[in-house]
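Coordinate inspection notes
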Amino acid sequence: MRYAGEKKFNMWTALTLILLAGFLIFVIYPIAILIIRSLYAGGSLDLSYFGKFFGRKYYWSTLVNSFKVTIVSTTIATLIAVPMAYVLRGIKIKGSGFLNILIVMSYLSPPFIGAYAWIQLLGRNGLFTNIINKLFHIKFMGLYGFAGIVLVFSLQSFPLIYMYVSGALKNLDNSLNEAAEMLGCNSVQRVTKIIFPLVMPSLLAGVLMVFMRVFSDFGTPMTIGEGYKTFPSMLYTQFMGEVSTNEGFAASLCVIVIIIALMLFFIQKALGAHFSYSMTALKPMEAMEVKGGKKIGAYVFTFFVTFVAALPQLTVIVTSFMKTISGSLFTGEFTLENYYNILAKNNTAAIVNTYVFGLAAIVIVVVVGILISYLSVRKKNFLTNILDTLTMFPYIVPGSVLGIAFLYAFNGAPFFWGGTALIMIIALSIRRMPYTIRSSTAIIGQISPSIEEASISLGASQIKTFIRVMVPMMLPGVLAGAIMSWITLISELSSSVILYTSRTMTLTVAIYSEVIRSNFGNAAAYSTILTLTSIISLLLFFKFSGGKDISV
């Protein structure tokens, strides 16, 4: 949108070029360095690393394993999420708001915390394992490997699909459902022929988001997978292994991940375009009162699924107050020793770093996100289109790959940022930027351009109009989105675990390190602090957004 007398090269063009340069430096440059490292060994073009991967079953089988885990986990998550969303939207259930908070919380916590918690419940010496062995007189040795990974991913991922489908049902015009009922369709036919096709775009978006997230996660397989190797865990081992590492091979693995992620992204875009539709909910779907078996079934299903999904969080909180022997074996005696270990022994650096890095990153995310979304919507041109496209790369590229790329690009001359707080903050900002940009873009799209035009016609400059009119109108929605970004930001592990040093360790890295060292008491205490921070942030989100649930 260009106003009369506005120059072709102006402040907005200069700002676009500055932001474009920033994304070229912090996104394209690291990825380019990564690709060069994978293709050039000894100064000449060399594809031997790719040949090594595809030529040995030990390596390419991990890719097959990752697809197996991802497909099964995504399928189970979908089978849980769709009926869960339909029941909570369509049937009046007391305490549904509380259930919704618990469901969202189970998604916002890092998956590897769920893996650690399920080890406490279904590990070799887990609570449920001992109960099963005593009741059935068997020697169940715990849930590890493929089954354990799938359990964790399914329970931790279904809330995302639930939020997408719940949001679609919220915007569903119920008059279509009523018309189908008048035409003789029973409840099953209405679900399969009316509701399910209408929520299909949102369902596909949620499914592909879960697919990409599960495929790129390495913390869960590293924690509970034991001998079952997945592609991300092998990538992490190749780059960060204690015995031996191969940076060129690790770079090649990163390129393979990027290619797969790009393919999934384009599939998502194609399916979204194919199934897209526009609908106004003139008569939104309302929860109905049911009786008898339907009511009992709805309550049992929703409360059971929510309890199982929230069980890892409850386990972490309870075990954080239990005394341990050598840090790994819980005695059942309640104590504050674990909190003393992390708070009173100068071990608070991880906690402080999490809040400081998170707050710094969220400021960058909000400021840059608002500017980019405004340029993309109100100042559309060739440059802003390129900028908008570049902002999607951090969304596509897995966090571990971005972390490795950052080390390759910024660990030496001329930057020397390796191990600094700056590189941690930049990585966190870049990782969460796309989500804030998308939400800000949606908010700007709802503000009529005539409001800006009226301000400018009254003598205000464009920059003054932007600061005094647009930003205040966007702020409530942006703040709500920023809080959600903050919650996911402080739970970031994949890039942080690659970039951190002892001075820049964050809560998630501290939790992961304690779990790997079998210091489960300290890990539980750290996890509880992270969980409580997320709960408080979630309550603030509800206050700013004015809603009682989260839907996508």
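Sequence order as written defines the numbering, with residues in each chain counted from 1. Only residues with pLDDT of at least 70 get local features here, since the model is predicted, and only at 80 or more are side-chain atom pairs given and counted; chain-wide, interface and lining totals rely on the full set of residues. Side-chain metrics rest on all non-hydrogen atoms present in the structure, leaving aside hydrogens and water.

1. Concerning the overall build of the protein chain
The line we're drawing: Helix and strand definitions follow DSSP, with helices as H or I runs of at least four residues and strands as E runs of at least two, each counted in order from the N terminus. Between the two quantities, the radius of gyration covers C-alpha atoms and the globule rule is 2.2 Å times the number of residues to the power 0.38. In what follows, residue pairs with any heavy atoms lying within 4.5 Å of each other are defined as contacts.
If you tally the helices and strands in the protein chain, you get 24 helices and 4 strands. At 25 Å, the protein chain has a C-alpha radius of gyration in line with the 24 Å of a compact globule built from 552 residues. Principal-axis analysis of the C-alpha atoms places the extent of the protein chain at approximately 80 × 70 × 50 Å. Pairs at least 24 apart in sequence give 77% of the contacts found in the protein chain among residues at least 6 apart.

2. Considering the packing of aromatic side chains
Let me state the cut-off plainly: Aromatic contacts are taken between Phe, Tyr and Trp rings whose centres are within 6.5 Å, Trp giving its six-membered ring; a plane angle under 30 degrees counts as stacked, one over 60 as edge-to-face, and the others as tilted. With a 1.4 Å probe rolled over the protein chains alone, any residue whose accessible area is under 20% of its type maximum counts as buried; one over 50% counts as exposed, and the rest are partly exposed. A positively charged side chain is recorded as over a ring if its NZ (Lys) or CZ (Arg) lies within 6 Å of the ring centre. The angle to the ring normal must also be within 35 degrees.
Overall, the coordinates contain 27 aromatic pairs when judged by the stated rule. Ring centres of F26 and F410 lie 5.8 Å apart, and the angle between their planes is 55 degrees; on these two criteria the pair is classed as tilted. Within this pair, whereas F26 is found in helix α1 (residues 11-39), its partner F410 is found in helix α18 (residues 399-410), the two being separated by 384 residues in sequence. Judged on exposure class, the residue F26 and its partner F410 are both buried. It is K52 that lies over the ring of F249; its NZ or CZ is 4.5 Å from the centre.

3. With respect to the side chain of S373
Using the following cut-off: Under the rule applied, a polar contact is a pair of N or O atoms within 3.5 Å (in protein, one hydrogen donor and one hydrogen acceptor; residues adjacent in sequence only if both atoms are side-chain atoms).
Note on placement: S373 falls in helix α15 (residues 349-378). Here S373 falls in the buried class, since its relative accessible area comes to 0%. A distance of 2.9 Å separates a polar side-chain atom of S373 from the backbone oxygen of I370. With sequence-adjacent residues up to four places away left out, S373 is seen in contact with I437, S440, T441, I444 and M474.

4. Concerning the pairing of strand β3 (residues 322-325)
Selection criterion: For two strands to be treated as a pair, DSSP must find at least two bridges joining them.
Residue alternation in β3 divides its side chains into a buried set, M322 and T324, and an unburied set, K323 and I325. Pairing analysis gives 3 bridges linking β3 to strand β4 (residues 329-334), with the strands arranged antiparallel. In the sheet register, I325 faces β4, and the bridge partner there is L329.

5. Comments concerning unusual backbone geometry
Of note in this structure, H137 is not a glycine but carries a positive phi near 55 degrees. Position of H137 relative to the elements: it lies in the loop between α6 (127-136) and α7 (145-170). Not every positive phi belongs to a glycine, and S518 is a case in point at roughly 65 degrees. Residue position: S518 is located in the loop between α23 (507-516) and α24 (520-545). For S518, a relative accessible area of 31% corresponds to the partly exposed category.

6. Points about the nonpolar core
Looking at soluble globular proteins, one finds that nonpolar side chains tend to be buried together. Definition in use: As used in this record, nonpolar core signifies buried Ala, Val, Leu, Ile, Met, Phe, Trp, Tyr and Cys residues forming a set joined through side-chain atoms within 4.5 Å.
Residues L34, F53, F158, Y162 and F406 are the most contacted members of the largest nonpolar core, which totals 170 residues. Tallying contributions element by element places helix α9 (residues 187-216) first for this core, with 14 residues. With sequence-adjacent residues up to four places away left out, L34 is seen in contact with A251, C254, V255, I258, V401, I404, A405 and Y408.

7. A short note on the side chain of N353
Assignment of secondary structure puts N353 in helix α15. On the basis of relative accessible area, N353 is assigned to the buried category, the value being 11%. Sequence-distant contacts of N353, defined by excluding residues within four places in its chain, comprise G358, R503, T504 and M505.

8. Section: the pattern of salt bridges
The line we're drawing: Salt bridge, as used here, is a side-chain nitrogen of Lys or Arg placed within 4 Å of a carboxyl oxygen of Asp or Glu.
One pass over the full model with this rule turns up 6 salt bridges. Across the salt bridge formed by E452 and R378, the nearest N and O atoms sit 2.5 Å from each other. Placement of E452 in helix α20 (residues 449-457) and of R378 in helix α15 is noted, with a sequence separation of 74 residues between them. With respect to burial, E452 and R378 carry one shared label: buried. The residue E492 makes a salt bridge to R432 at a minimum N-O spacing of 2.9 Å.

9. A word on a nonpolar patch on the surface
Quick reminder of the rule: In this scheme, patches are assembled from residues that exceed 30% relative accessible area and form no salt bridge. Like charges are connected within 9 Å, while nonpolar side chains (Val, Leu, Ile, Met, Phe, Trp, Tyr) are connected within 5 Å. Exposure was quantified through the Shrake-Rupley algorithm and a 1.4 Å probe, taking into account, for residues, occlusion by the shown protein chains and nothing else.
Residues L127, I131, L135, F136 and I138 make up a contiguous nonpolar surface patch of about 510 Å² in total accessible area. For F136, the position within the fold is in helix α6.

10. Re the packing of helix α5 (residues 111-122) against α23
Filter applied, for reference: Helix axes are fitted only over the stretch in contact, all axes being lines through C-alpha atoms; the angle between N-to-C directions runs from 0 to 180 degrees. The labels follow the angle: roughly parallel below 35 degrees, roughly antiparallel above 145, roughly perpendicular from 65 to 115, and oblique for the rest. A crossing counts as left-handed when the near helix is turned anticlockwise from the far one by less than a right angle, and as right-handed when that turn is clockwise. When residue character is reported, Ala, Val, Leu, Ile, Met, Phe, Trp, Tyr, Cys and Pro are called nonpolar, Asp, Glu, Lys and Arg charged, and the others, Gly included, polar.
α23 packs onto α5 with a crossing angle of 30 degrees between their chain directions and a minimal axis gap of 10 Å. When the axis of α5 is compared with that of α23, the two are roughly parallel. Relative to α23, α5 is oriented so that their crossing is left-handed. Of the residues in α23, those touching α5 at F112, I113 and Y116 are T508, I511, Y512 and V515. Residues that form the contact of α5 with α23 fall into these classes: 6 nonpolar, 1 polar and no charged.

11. Section: the confidence of the model for the protein chain
The line we're drawing: Values of pLDDT, ranging from 0 to 100, describe the predictor's confidence in every residue of the model.
For the protein chain, the mean per-residue pLDDT works out to 83, and 91% of the residues sit at or above 70. Here helix α8 (residues 174-182) is the element of the protein chain with the lowest mean pLDDT, 71, and helix α3 (residues 57-90) is the one with the highest, 91.

12. Focus on the packing of α1 against α15
At a minimum axis separation of 11 Å, α1 and α15 run at an interaxial angle of 120 degrees. Relative to α15, α1 is oriented oblique. In the packing of α1 onto α15, the handedness of the crossing is left-handed. Where α1 abuts α15, its residues W12, L15, T16, L19 and F23 lie against V368, L371, I372, Y374 and L375. Looking at side-chain class alone, the contact of α1 with α15 contains 9 nonpolar, 1 polar and no charged residues.

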